[in-house]
Amino acid sequence: MTSILEVKDIEVVYNRAIHVLKGVSLNVPEKGIAALLGGNGVGKSTTLKAISNLLKAERGAITHGDIRYKGESLLGWDPADIVRSGIFQVMEGRRLFQHLTVEENLRAGAYSRRVGDIKPDLERVYNYFPRLGERRAQKAGYLSGGEQQMAAIGRALMARPKVILLDEPSMGLAPILVTEIFEILRVLCEEENVSMLLAEQNAHMALSIVSEAYVMESGRIISQGATNELTKTDIVRKSYLGMTEEDNAHRAYRQILLQKRAAGPRGGTLRPTLGTKGRTT
Amino acid sequence: MNELIYAIELTITGLLIGSMYSLVALGFVLIFKASSVFNFAQGAMTLFAALSVVGLFPIVGFWPALALTIVAMCGVAVFAERVIFRPLIGGAPLVIFMATLGLAFMLEGSAQIIWGTQPYGLDLGIPIEPIIIGGVYISRFDLVAAGVAGLLVLLLVLFFQKTKIGLGLRAVADDHVAAQSMGIQLRRVWAVAWALAGLVALAAGMLWGARIGVHFAMSLIALKALPVLIIGGIESVPGAIVGGLIVGVAEALGEGFVGSMIGGGVQDIMAYLVALLFLLFRPYGLFGEKKIERV
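Going by an unreviewed UniProt entry, chain B carries the name Amino acid/amide ABC transporter membrane protein 1, HAAT family and comes from Roseovarius lutimaris. We quote the UniProt Sequence similarities (unreviewed entry) comment for chain B here in full: "Belongs to the binding-protein-dependent transport system permease family. LivHM subfamily." Looking at chain B in UniProt, the text filed under Subcellular location (unreviewed entry) is "Cell membrane".

Chain A is annotated in an unreviewed UniProt entry as Amino acid/amide ABC transporter ATP-binding protein 2, HAAT family from Roseovarius lutimaris. Its UniProt record gives chain A a comment under Sequence similarities (unreviewed entry), which states: "Belongs to the ABC transporter superfamily."

The structure is reproduced here in structure tokens:
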């Protein structure tokens, strides 16, 4: 499969002192979804912001490496030009414009487009997300968490992007909503011909829809590969999928609980699971 | 009965003058909304605009003077965005605030170099005889001024609601990083916000200039805007309007009724007294944006 977006060995430094990314390389397949997995603070968001060139507001800068989109380097581009070229980021925490209505949020998503009429695009988004249509005149700040995530994804669609970068779309959502959102992402990828890069802690969910994945730890990619290969690797199974010798994650979690109870509060060497139902405790 | 008519008269005068306070406060609101910066230079911009108009008036005539001043204010806006914002993006708010203070001195200084320090009069050609409606005297000038202020506010609201750049301004006001992530150019939006603040400063400067004369004390008009902002809420356009009206009426009624008892001078403290009450009981102001939090 050809790559639409290639990140080549980038290093990012914040405040000229804090080395956050220490050589990250990844590829986003054309019309496919790649996942970037890892826990809190390993550099997933920084990687996405480096691609969109949104680091400046946080005093960050790319010091090494290259980011190529359709073969062309994106380094030094204005964020607006990157959006116009077809890369749209859905930031962590949705970041809707709280005091604007749902429809105004969607219109803002189409800001970078030069064409006048965006009505068909609005209708398209309301088709995918009928609940947004019902609430188009409501202020976005009053939407539920799931609706906000839908609005954030809809806002991205308004720009007619080629690549959508999604930063933790599962954050703060109930498991059933997470499943719904990921299903939507999969459908969008197929129907709208967009590629996606998905930064997620919820590895279990993410791996269910992506074709290849990268696992990050403290600013580096520590493991990568096609999804079916990756789920076989021990490190991923243990650290991110919560699978132990048994394949059933749910059972594994219960096992941890039992072990913990048996060994007292500090017992048990197994880490609690990330990204499975165990997270709800 | 006379008391009542007097009170009505004072209230109307207060409302009309208040609309001019609103205009001054509006300049602050525009820049604060777009960039969360309290623009200390707003008073200096008002002075600069008014001085440019009265300075150019005798040389090129009224309308050209006005047009040139509009161009000058847009120039100030672009300059402010380049010199103050672009290098200071991501810096501490206090640093940017200090930079606006610097801009204030630069504007006052250059105004002084170009037009000198003497006060000017500005005659907009509005007749001074008051209109009398049912025994109530209303100043024609204040009426026109209020009309201009109202029209300007209406245009601004339409601009914010109906245009693309207006949507961009509101988006940036809400979350500027998110706005940037969808290709809204912060630089352009900030420059537009400063230009709008400049135009509002121009209108305020001309109206106040025609009322009290154009001189350097005019930049202190910013001090009148502070209580208005506290009352209305610093990020709210309706707040600036209502806040201005409240201050205007409070001043007029205070001076008319309390001032006459204690020998005058109440006018100058009324605005701050009301603002103090608001700080105690409603620190966000009337229309200040509270964070929307879902529970």
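Still more ground to cover, so stick around.
What follows concerns the interface of chain B and chain A. Contact residues are listed per partner, giving 27 residues for chain B and 34 residues for chain A. Around 2700 Å² of area is buried between chain B and chain A when both sides are counted, 58% of it from carbon and sulfur atoms. Summed over the shared surface of chain B and chain A, the result is two salt bridges. One salt bridge connects R170 of chain B with E104 of chain A, and the closest N-O pair in it is separated by 3.0 Å. The tally of links from chain B across to chain A stands at six residue pairs in polar contact (both at pLDDT 80 or more). Residue assignment for the side of chain B that touches chain A shows that the elements contributing at least two residues are α6 (164-174) and α7 (176-181) of chain B. With seven residues, α6 of chain B is the largest single contributor of residues to the side of chain B that touches chain A. Tallied by class, the residues present in the side of chain B that touches chain A amount to 10 nonpolar, eight polar and nine charged.

Conventions used here
Residues numbered from 1 in each chain as written. Chains lettered and ligands numbered in written order. Predicted model: local features only at pLDDT ≥ 70, side-chain atom pairs only at ≥ 80, totals over all residues. Heavy atoms only, no water. UniProt positions renumbered as here; feature names shortened; annotations may be inferred. Contact = heavy atoms within 4.5 Å. Buried area = accessible area lost by both parts, 1.4 Å probe. Salt bridge = Lys/Arg side-chain N within 4 Å of Asp/Glu carboxyl O. Polar contact = N/O pair within 3.5 Å; in protein donor to acceptor, adjacent residues only side chain to side chain. Helix = DSSP H or I, 4+ residues; strand = E, 2+ residues; numbered from the N terminus. Nonpolar A, V, L, I, M, F, W, Y, C, P; charged D, E, K, R; others polar.

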